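Observations on the model geometry
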Amino acid sequence: MELQKNNKLNPNPITKLFVVGLLGITVVNSIHPIFEWLIILIISIMFMINGFKKDAINNVIVFAIFFIVPNFEALSHLPILIKIFLSLLFVLRMFYIPYIAGKFLIKTSDVGSIISSMDALKIPQAISIPVAVMFRFFPSFVEEKNNIKMALKIRGLNTKNPFKYLEYVAVPLLIISSNIADDISKAAETKAIANPIKKTRYIKVHVGAIDFIYAIIILGAVVGGWICLK
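Residues numbered from 1 in each chain as written. Predicted model: local features only at pLDDT ≥ 70, side-chain atom pairs only at ≥ 80, totals over all residues. Heavy atoms only, no water.

**What about the pattern of salt bridges?**
Heads up, the rule is: One side-chain nitrogen of Lys or Arg within 4 Å of one carboxyl oxygen of Asp or Glu is enough to make a salt bridge. Segments assigned H or I by DSSP are reported as helices when at least four residues long, segments assigned E as strands when at least two residues long, and all are numbered from the N terminus. Remark: exposure states derive from per-residue accessible area (1.4 Å probe, protein chains only) relative to the maximum for the residue type, with buried under 20%, exposed over 50%, and partly exposed in between.
Within the structure shown, the criterion is met by three salt bridges. Across the pair R93 and E36 runs a salt bridge whose closest N-O atoms are separated by 2.6 Å. Separated by 57 residues along the polypeptide, R93 in helix α6 (residues 80-107) and E36 in helix α3 (residues 33-49) bring together distant segments of the chain. Assigned by exposure class, R93 and E36 land together as buried. Of the charged contacts in the structure, one is a salt bridge between D55 and K103, with a shortest N-O distance of 2.9 Å. Of this pair, D55 sits in helix α4 (residues 53-67) while K103 sits in helix α6, and the two are 48 residues apart along the sequence. The partly exposed category is assigned to K103, whose relative accessible area is 22%. Each of the salt bridges in this network shares a partner with another, and the network as a whole consists of D55, K103 and K107.

Here is the structure:
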């Protein structure tokens, strides 16, 4: 994550949190499809310039698949089973834009910068501490899951069977998850995370030109998308 912290083209977490919240509104207030594509391309470009080219390409391909799904009005004339399946895809399309904005936040931000950002926004510790634990937990969880699958592959065990998957992967993951949570809690207590005094953060967050560019373009795309639908 050091590459992302020193990259001047990587917005700080405050800006990325703002974008995620703004795009979350588009789930209940739709925007024009042209502006949806504009937002997808902007976020994909941000992925690319921060070293995640595969994610940038996947964003465009997946949204293109969702984009060809007809809306609810067109689905009303189709058979019930097809209607249910395509309706699910249409709902996923609604959530996809805020999802990739959140994915960009997680992939290009470390825990230290996120906590510093929340401190700058005066967010209570009751919120910032669970967020810090969450950002520590899930990367460790995914790493352990990959380790388990690699160990099973080396031993020639097949996990495609759902019952075998539960036995060989899901159950060990439940036990490991408990251990990960305990380790994170102990580490947090060791670092006096519950101490109410003001913390001195090693990582400082700064606002640069990329923050204004990213936030203003996304804001303009969302507002423009709402205006074009009226």
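**A few points about the side chain of T15**
The test is simple: In this analysis, two residues are considered to be in contact whenever any of their non-hydrogen atoms come within 4.5 Å of each other.
Mapped onto the fold, T15 is located in helix α2 (residues 13-25). Once residues within four sequence positions are removed from consideration, T15 is found in contact with D211, Y214 and A215.

**A few points about the environment of L9**
By the element assignment, L9 lies in the loop between α1 (2-5) and α2. The class of L9 is partly exposed, set by a relative accessible area of 41%. Along the sequence, L9 and D211 sit 202 residues apart, while their C-alpha atoms lie 8.5 Å from each other. Apart from residues lying up to four places away in sequence, L9 is in contact with M46, I49, N50 and I210.

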